[in-house]
Each structure stands twice: as C-alpha cells, then as structure tokens.
Protein chains: 2
Amino acid sequence: MGERKEKPQYLTLKRFILELLRKGKLSPHEKLPSERDLTKQFALNRNTVRHALGILEREGKIYRSGRKGWFASGQRLVFDPSKEHVNFDKLARKQGFTPAWQVLESGTMQATGELQELFNVEEGTELFHVFETGSLDGHQVYYSEYFFLAEICPGFLPKIVSRPMTDVLREDYSIHLYQKDLLIRPINMEEETASHIGLPTHSPGIFFRRIKNSQQGRIVQVDYEYWRADSIELRSTFSS
Amino acid sequence: MGERKEKPQYLTLKRFILELLRKGKLSPHEKLPSERDLTKQFALNRNTVRHALGILEREGKIYRSGRKGWFASGQRLVFDPSKEHVNFDKLARKQGFTPAWQVLESGTMQATGELQELFNVEEGTELFHVFETGSLDGHQVYYSEYFFLAEICPGFLPKIVSRPMTDVLREDYSIHLYQKDLLIRPINMEEETASHIGLPTHSPGIFFRRIKNSQQGRIVQVDYEYWRADSIELRSTFSS
DNA sequence: GAGTGGTCTAGACCACACA
DNA sequence: GTGTGGTCTAGACCACTCC
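Please read these numbers as outputs of a predicted model, since none were measured by experiment.

Draft legend 1. Summary view of the relation of the copies chain B and chain A. Superposing chain B onto chain A requires a rotation of 180° together with a translation of 0.0 Å along the rotation axis, leaving an RMSD of 0.0 Å. Considering both components of the superposition, the chain copies are consistent with a two-fold axis. Minimal C-alpha distance to the rotation axis in chain B is attained by Ser82 of chain B, lying at 2.5 Å. Of the interface residues in chain B, 100% have counterparts in chain A that sit at the interface too, so the contact is made through matching surfaces.

Quick look at the structure:
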C-alpha cells in the first residue's frame, strides 16, 4: 500500500552518470564508457542503456559526436536573444572560449520563395550566400546559412574567410546590422544539418532564424543557424 | 556503388504521420492510432514505432497526454522573449486562444537558497508562493511556480484565484512588473513537473526563469515556468 | 476485462571508426 | 579486425485507462 514504487532501471544509470559529471569524474568533452561497457557494469540491456543516454542527451548533459561515442558536455556559450547586435567571435572570446569558423561554401544566387519574401525584394534579386560552421575550443557547435543583399556589399565574399562578417560589413561598407526578427525553435537535427557539424541525425539542436536590418532600416541579411543544443544557454538581461 | 542506401524504417512511419498532419487527416489534438495498431499497419516492431513517435514528439509535431496516447499538436502560442511585460491571459486571447489557469497551491514561505539570492534579501524574508497550471482551449500547457515579496502586496493571495496576477498587482497595488532577467532552457519534464500538467515523464518542455522588477527597480517577483515544448513558439520582433 | 503506453530483455545485422 | 553506435525484431510484464 504505502510501498515505494520500484524506480525504473534507466534512472539508476542516469543518476550514476550525473554523479560522475557532478563530481568531475567526467571532464567536459571526455568520452563516456561505450554502451556495451555500460550494459555489463549495470547488468542492463543495451536498449535500456541507450534510453538513459538519450535522456541525458536531451537534458544537455552529454552529446554524441559522429559515430564515435558519447561525451560529457562542455561549458555553454551564454547568448542573449534580446540583444540586437550579435557577434559570435567577440561574444565567445568575452566568455573565455576560443572561437573559430570555417566557410564551407559561398557564392551568389537569386532570391526566391521564403528568402524573397523575407527580404521583401523582387524575385531574382541577387543575393550572396555563405554556409559555414563554427566551433568553440575546437568543438563544432553550429552550422549556419547566411544570405545578404548583394547590391549593398559588392566584393564581399572573399573578405569573410578570415574576418568576422560583422566586422567586414562595418569596416568596409559602413553597414551596421540590427536584429529585426528572431525565431527560436528547439529541433532535432536533420541528417544534412547534423552532418555539417559532425553530429549524428536527431541530435538535439536549437534553430535560430534572424532577420537583420541595416541602420537605414532595410532588410539586408537573413541567417539560419543550427546550434548543438547543449552548447548554448539562452539568457536575456534587460537594462531598463 | 552509387546505390541509394536503404532508408531506416522509422523514417517511413515518421513521414507517413507527417503527411497525415500536413493533409489535415489528423486534426490538432486528435488521437493517433495506438502504438500496436501502427506496428500492424507498418509491419514494424513496437520499439521502432516508438522511436519514430519520439522523434515527432521532439520536433513538436505530436505530444503525449498521460497514459492515454499520442495526439497531434495544436497551434502554438507565439511568445516574445524580448518583451518586458508578459501577460498570459492577454497574450493568449490576442492570438485567438481561450486561456485558463488554476491555482494549485499558494501560501507564505521564507526566502532561502536560490530564492534568497535572486531576491537579494535577508534569509527568512517573507515570500508568497503560488503554484499554478495554465491551459489553452482546454489543453494544459504550463506549470509555474511564482514567488513574490510579501511586504509589497499584503492580502495578495486570495485575489489571484480569479484575476490575472499582473492585473491584481497593477490595479490593487500600483505595481508594474518589468522583466529584468530571463533564462530559457529546453528540458525534459521531470516526473513531478510533468504530472502537474498531465504529461508523462520526459515530455519535451521549455523552462523559463523570469526575474521581475517593480517600476522602482526592486526585484519583486521570481517565476519558474515549465511549458509543453510544442505549445509555444519563441519569436522576437524588435521595433527599432 | 481489454487495451493502452512505460519499461525491459536478449538477441541480431549493419556501416563506420580506429588501430 | 575489433569495437562502436544505429537500426531492428520478437517477445515480456506492469500500471493505468476506459468501457
């Protein structure tokens, strides 16, 4: 009657791993024992082990990398969605990370569909596109697709390989970006997105769609960003 | 060599259900076929069926309710995290929902631990606490725990059963709340939290911690809110 | 009582990673 | 080649819901 219910066994494993993390016996980015090792240690079936690991993954405590295994999550990059200016490089350095990014592809294209609507331009208007990945301390954390109005920044593309995009726009074109619209959605990473960051399909992620104005109020940039969910923390501080 | 890889079978089921949703053959809040029905229809094992359903759940397309089954998600409440004022009742009505809330428990307590730190008051300072759930169109979507500085609003608790909390503070105490700090985190709902909203453990959720000032700049309220992840959409629009 | 979702076992085969 | 995670099967028992 008043008996305590049996706790599910996956909770035992989950708590064990949380303890390892709490006590520092698993350092950030350290690999966990293999799933089969855990089945032996806890006399559990591999399905049950994977159930426990999946829960920890969705809580952001651990993450998977490729097919290489499960790893303890690192420190989160704190990100303020209420700020109108966003500069990954500066933000990360301020928080003690070593950020890096790599352009995977860039070029010109013509506006159609959603992009045409968002930019509010005629179909066929020329856009620059940039696909890149970014990392913190050597660990890949995001994949993004940026789109710019080509006419406002001729010769833009070669410059961004080595300099932060916001710096190039400010210094070379006197364009200051202001975030106008921000959409945030927790997602499962689709195969293609995940593969760019070296993650397995269905890794938990956070998606951002940003629409940015120039100081003249014109929409000049649209970003789609896909972040590893455990790599960031969303926190707004209001100054008023 | 150039052969297409076999698609995983759970993807077949996943896409089938997405099609049902897209075509409107599953209306919002309509129950899906039982897991065992789906195993028969698709000649799949129940584990595989549950895998597919879990992915759809984490994408916010479907949700579970109690042990009653899986349901198609409804329309999302659009929520702007950059706004300093938040009023669930008004926000929901403006978007065509019929909101409701229910106070589960309320009373007085003394500040300790994190609450004492957040309020920045002496240990033992009297606080009001209110635990409540909220629903949209009859479907429970959040559970929250509010804490107030008791001294600024004597006689507060009986009033909030029937009136929105922000209205009571404004009309009866001339207190206007300003969001000062906002923390957003995707979570798995823990057993206790989930049970308040009639959800099973590990339902995907979004957690908010809000710290609110009065117009005098004093911290007067701290909220912890747990939302069903599929019930809201985060979107900021900047007016500048 | 029949059916539901939640938990769990004991296997299996595959593609891929690493040594 | 050995071990890894990803996918999948064929069962089982339980607590709970609904009729």
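Moving on from the coordinates now.
Draft legend 2. Spatial organisation of the sheet that holds strand E10 (residues 232–237) of chain B. The eight strands lie next to each other as E4(A)-E5(A)-E6(A)-E9(A)-E8(A)-E7(A)-E10(B)-E3(B), forming an open sheet whose pairing is mixed. Both outer strands of the open sheet, strand E4 (99–110) of chain A together with strand E3 (77–79) of chain B, are each paired with one neighbouring strand and no more. Within the sheet, the average angular offset between the axes of one strand and its neighbour, ignoring direction, is 20°. Bridge count between strand E6 (residues 139–149) of chain A and strand E9 (residues 219–228) of chain A: seven bridges; the pairing is antiparallel.

Draft legend 3. Molecular detail of the protein's contact with DNA strand C. Taken together, the neighbourhood of DNA strand C is formed by 25 residues, with Gln9, Asn45 and Asn47 of chain A together with Arg46 and Arg50 of chain B sitting nearest. Separating a base oxygen of DNA strand C from a side-chain N or O atom of Arg46 of chain B is a distance of 2.6 Å. Residue Asn47 of chain B places a side-chain N or O atom 3.2 Å away from a base nitrogen belonging to DNA strand C. Mapped by element, the contributors of at least two residues to the surface near DNA strand C are helix H1 (9–22) and helix H3 (46–58) of chain A together with helix H2 (35–42), helix H3 (46–58) and strand E2 (69–72) of chain B. The leading source of residues in the surface near DNA strand C is H3 of chain A, at four residues. Of the residues in the surface near DNA strand C, the class split is six nonpolar, eight polar and 11 charged.

Draft legend 4. View of the nonpolar core. If you look at the biggest cluster of nonpolar residues, it comprises 90 residues, and the most contacted ones within it are Phe156 of chain A together with Phe156 of chain B. For this core, the leading source of residues is E6 of chain A, giving seven residues. If sequence neighbours within four positions are ignored, Phe156 of chain A has contacts with Phe128, Phe148, Met165, Val168, Leu169 and Tyr173 of chain A. If you look at the next biggest cluster of nonpolar residues, it comprises 22 residues, including Ile187, Ile197, Ile219 and Val222 of chain B.

Draft legend 5. Spotlight on the interface of chain B and chain A. Taken together, the contact between chain B and chain A spans 28 residues of the former and 29 residues of the latter. In total, chain B and chain A occlude about 2,900 Å² of area from one another, counting both sides; carbon and sulfur atoms represent 46% of this. For the chain B face of the interface with chain A, the top three residues by lost area are Arg58, His202 and Phe238 of chain B, together amounting to 22%. Connecting chain B to chain A are four salt bridges. Residues Glu233 of chain B and Arg185 of chain A are paired through a salt bridge, measuring 3.0 Å at the closest nitrogen-oxygen approach. The interface formed by chain B and chain A contains 12 residue pairs in polar contact (both at pLDDT 80 or more). Among the secondary structure elements, those contributing two or more residues to the side of chain B that touches chain A are helix H1 (9–22), H3, strand E7 (178–188), strand E8 (204–213) and E10 of chain B.

Thresholds applied
- Residues numbered from 1 in each chain as written.
- Chains lettered and ligands numbered in written order.
- Predicted model: local features only at pLDDT ≥ 70, side-chain atom pairs only at ≥ 80, totals over all residues.
- Heavy atoms only, no water.
- Least-squares fit on C-alpha atoms with pLDDT ≥ 70 in both.
- Contact = heavy atoms within 4.5 Å.
- Pairing = 2+ DSSP bridges.
- Helix = DSSP H or I, 4+ residues; strand = E, 2+ residues; numbered from the N terminus.
- Axes fitted to C-alpha atoms, helices over the stretch in contact; angles between N-to-C directions.
- Near = heavy atom within 4 Å.
- Polar contact = N/O pair within 3.5 Å; in protein donor to acceptor, adjacent residues only side chain to side chain.
- Nonpolar A, V, L, I, M, F, W, Y, C, P; charged D, E, K, R; others polar.
- Core = buried A, V, L, I, M, F, W, Y, C linked by side-chain atoms within 4.5 Å.
- Buried < 20%, exposed > 50% of the residue type's maximum accessible area, 1.4 Å probe, protein only.
- Buried area = accessible area lost by both parts, 1.4 Å probe.
- Salt bridge = Lys/Arg side-chain N within 4 Å of Asp/Glu carboxyl O.

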